[in-house]
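Residues per chain are reported as follows:
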Amino acid sequence: MTEQTATGPLTTEAGAPVSDNQNSETAGRGGPVLVQDQLLIEKLAHFNRERIPERVVHARGAGAYGTFTVTADVTRWTRATFLSEVGKETETFLRFSTVAGNLGSADAVRDPRGFALKFYTEDGNYDLVGNNTPVFFIKDAIKFPDFIHTQKRDPYTGSQEADNVWDFWGLSPESTHQVTWLFGDRGIPASYRHMHGFGSHTFQWTNEAGEVFWVKYHFKTDQGIKNLTQAEADELAGKDPDSHQRDLRESIERGDFPSWTVKVQIMPEADAANYRFNPFDLTKVWPHEDYPLIEIGKLELNRNPENIFAEVEQSIFSPHHFVPGIGPSPDKMLQGRLFGYGDAHRYRVGINADHLPVNRPHATEARTHGRDGFMYDGRHGGAKNYEPNSFGGPVETGRALWQPTTVSGTTQESEAPSHAEDNDFVQAGDLYRLMSEDEKGRLIDNLAGNIAGVSRDDIAERAINNFRQADADFGKRLEAAVQALRG
C-alpha cells in the first residue's frame, strides 16, 4: 500500500487552502448553514457524483497489473510485435469479474468469471476480453440483451427468477454446453487465482507473409484448479462477500504472485471451411486431439491497483482493440461485441475514457484527431484536428492490422453455417461423458436444485429435455432428481 506523500495544507479542488474541515459555515452560532460555504457545497456535490453507472454485466470485479513473457517462437503465425521474440515482456492489466451480479454482490457465486486482459504493447493496447469458460450460452449477439435480462432482476418481482433463467435456456438449446459447464464442479472457482482463462472466441493471426491462421487462447492456472461446492460457496458468500477480491489482493501483497501458462490452438485458414464443427461458433470448442495446445508464454500478476475506482471500476476493455498481426473472425458473438463493448464504455465512463491512466497506452502514444467531449484534457494543444493536413499531423500507414476475409452471397438475417457435426447437444454430451460418477452426481444435484425452483412444469420439462438430448443418462437422472425435489 502506498503511503500518503502529499505535503502542505488541505485544499479545495481549486487549490485554495481549507481553514476548517470539521464545521460548516452558519449564520451565527447554531444558525442555518450558508450556501456560500464553498467547501461544503464542493464536498457534497462531489460525493453525489462519485459513482459512475456500474457495468450492465461484469459489474463485480477485481484487477491487478502484471507481465506477459513470450516463451516460444510464434512468428510463423503472427507478426504481432509483442509476440516477436522469446523473452519479450509486455506490461498487462487483468480484470476478473462475475457476470450477472451487481457491484455489491458476493464473489462466491455460481456464475462465469470474466477474464479481461489488456496488453500495453508498443503498437497500442491489445484487449483480450474472455471468460473462465471456453464457450458461452449463445452464438449470436442479437440474443445477448435478452439473455442478460433473464439473468438480472425481473421487472415485476425485482429478483432473479428461475422461471426466466430456465425459460430462456430451455428455448435456446445452444446454451446446453455452457450450462453443463456452469453447473459442474468448475462453476464456482475457489478464487480468481485457481481457475483457467480463455479468449473463448476464435481470432485471426496473420504473419509477415500475409498468411492467415485461426487461433484460440488458453490461460492455464499454475496454482492448480480449486473449486467450491454449492454448500461451501453459500457459506463463504455470507461470511465474506469479498472473498475472491481479498484473496487476489493479499496474495500479491505477500509476494505470492499468481501466474498462468499461456497456450494457443492454431488452425490453418484452409481448415476452417470443412472442419467438423463451425470453428467460429462460441458454443463449441476445438477438441485438443484436432488442434493441440501450443505453449507460447507466461502471464504473472505482480502489482495491485492503488485505487480501485480509478483503476478497476474505470478500466475499459474492448475486443476491437487489436494490434498489427491480430484481428477478428466471423464469430457472430465477437462481431457484436466489437461494437457493444466500446459503446458501453463511451456511455458509462465517457468519450475520453481511453485517456485515463489505466486505459491509455503505456508503451506508445495514442495519436488521433479526436477532440473535446466530457473530461477532455487538452493534450493535443493547438494541433490540427483533421487528416490529411499539411502541418505534420499523424497519417495512416496503408497497412491493415489483419487480413481481409472472403465473403459471398446476399445480405440477410441468417444463422451461421452448419458443419458436419454441428448440433446444439453433441459437445454437452461429450463433456458429461468425460465426468467421473462423483462429478456427474454433483452436476445433477446442482441442476436439479435450480430447476426445481421453476414454477411451471412445461418450462422445467423443456429444460430437462435439452440435457436428455445431450445424453440419455444425463436427462434420465436429471428428470428423476427434479421430480424428487418437486414432489
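The residue numbering used here restarts from 1 in each chain and proceeds along that chain's sequence as written. Residues qualify for local features only when their pLDDT is at least 70, as the model is predicted, and side-chain atom pairs are given and counted only at 80 or more; totals for whole chains, interfaces and linings, by contrast, use all residues. With hydrogens and water stripped out, all remaining heavy atoms of the structure feed into the side-chain values.

J.: When you look at the nonpolar core in this model, what are you seeing that I'm missing?
T.: In globular proteins that are soluble, nonpolar side chains generally tend to be buried together. To form a nonpolar core, buried Ala, Val, Leu, Ile, Met, Phe, Trp, Tyr and Cys residues must be joined to one another through side-chain atoms within 4.5 Å. Think of it in three bands: residues with accessible area under 20% of the maximum for their type are buried, residues over 50% are exposed, and the middle band is partly exposed, with areas taken using a 1.4 Å probe on protein chains only. Of all hydrophobic cores here, the largest spans 38 residues; its most connected members are Trp205 and Tyr217. One finds Leu431, Leu443, Ala460 and Phe474 within the second-largest nonpolar core, a separate group that totals 37 residues.

J.: Would you mind going over helix H10 (residues 437-451) with me for this structure?
T.: Since one α-helical turn is 3.6 residues long, residues separated by three or four positions face the same way. Per the convention used, a helix needs a DSSP run of H or I reaching at least four residues, while a strand needs a run of E reaching at least two, with both numbered from the N terminus. Expected helix span is taken as 1.5 Å per residue step, with the number of steps being one fewer than the number of residues. In a regular helix each residue adds 1.5 Å, so 15 residues correspond to 21 Å; H10 covers 21 Å between its end C-alpha atoms and thus fits that length. When H10 is considered as a whole, its buried residues turn out to be Lys440, Gly441, Leu443, Ile444, Asn446, Leu447, Ala448 and Ile451. In what follows, a contact means two residues having at least one pair of non-hydrogen atoms within 4.5 Å. Packed against the buried residues of H10 are helix H3 (162-171), helix H4 (176-182), helix H5 (230-239), helix H9 (426-434), helix H11 (457-470) and helix H12 (472-486).

J.: What is the right way to look at the environment of Val33 in this model?
T.: Relative to the elements of secondary structure, Val33 occurs in the segment before helix H1 (38-48). Considering only alpha carbons, one finds Val33 and Lys226, 193 residues apart in sequence, at a separation of 56 Å. Not counting the four nearest positions on each side in its chain, Val33 is found in contact with Ser24, Glu25, Thr26 and Leu40.

J.: How do you make sense of unusual backbone geometry when you look at a structure like this?
T.: Both trends apply: most residues other than glycine have a negative phi, and most peptide bonds are in trans. Going from Glu387 to Pro388, the amide bond is cis rather than trans, its omega being 5°. Relative to the elements of secondary structure, Pro388 occurs in the loop between helix H8 (332-348) and H9. Positive phi, normally seen in glycine, also occurs at Asp372, with a value near 65°. With respect to the helices, strands and loops of the structure, Asp372 is situated in the loop between H8 and H9. The phi dihedral of Met375 falls on the positive side, at around 65°, and the residue is not glycine. Positionally, Met375 belongs in the loop between H8 and H9.

J.: How should I be thinking about the pairing of strand E7 (residues 212-221) in this particular structure?
T.: On a regular strand, each side chain points to the face opposite its neighbour's, so the side chains alternate between the two faces of the sheet. Among the 10 residues in E7, 10 count as buried, and that is most of the element. Side chains of E7 alternate between two faces, with Val212, Trp214, Lys216, His218 and Lys220 and Phe213, Val215, Tyr217, Phe219 and Thr221 buried alike. Only strands joined by at least two bridges in the DSSP assignment are considered to pair. Bridge count for strand E5 (residues 197-198) against E7 is 2 bridges, and the pairing is antiparallel. By the bridge assignment for E7, Gly197 is matched with Phe219. Inspection of the sheet shows strand E6 (residues 203-206) paired to E7 by 4 bridges, in the antiparallel sense. The residue of E7 that forms the bridge with Trp205 is Phe213. Hairpin geometry of E6 and E7 is characterised by an intervening segment of 5 residues between the two adjacent antiparallel strands and by a positive phi of about 85° at Gly210. Taken together, the 9 bridges between E7 and strand E8 (residues 259-268) define a ladder with antiparallel strand orientation. Residue Thr221 lies in a different strand from E8, and its bridge partner there is Trp260.

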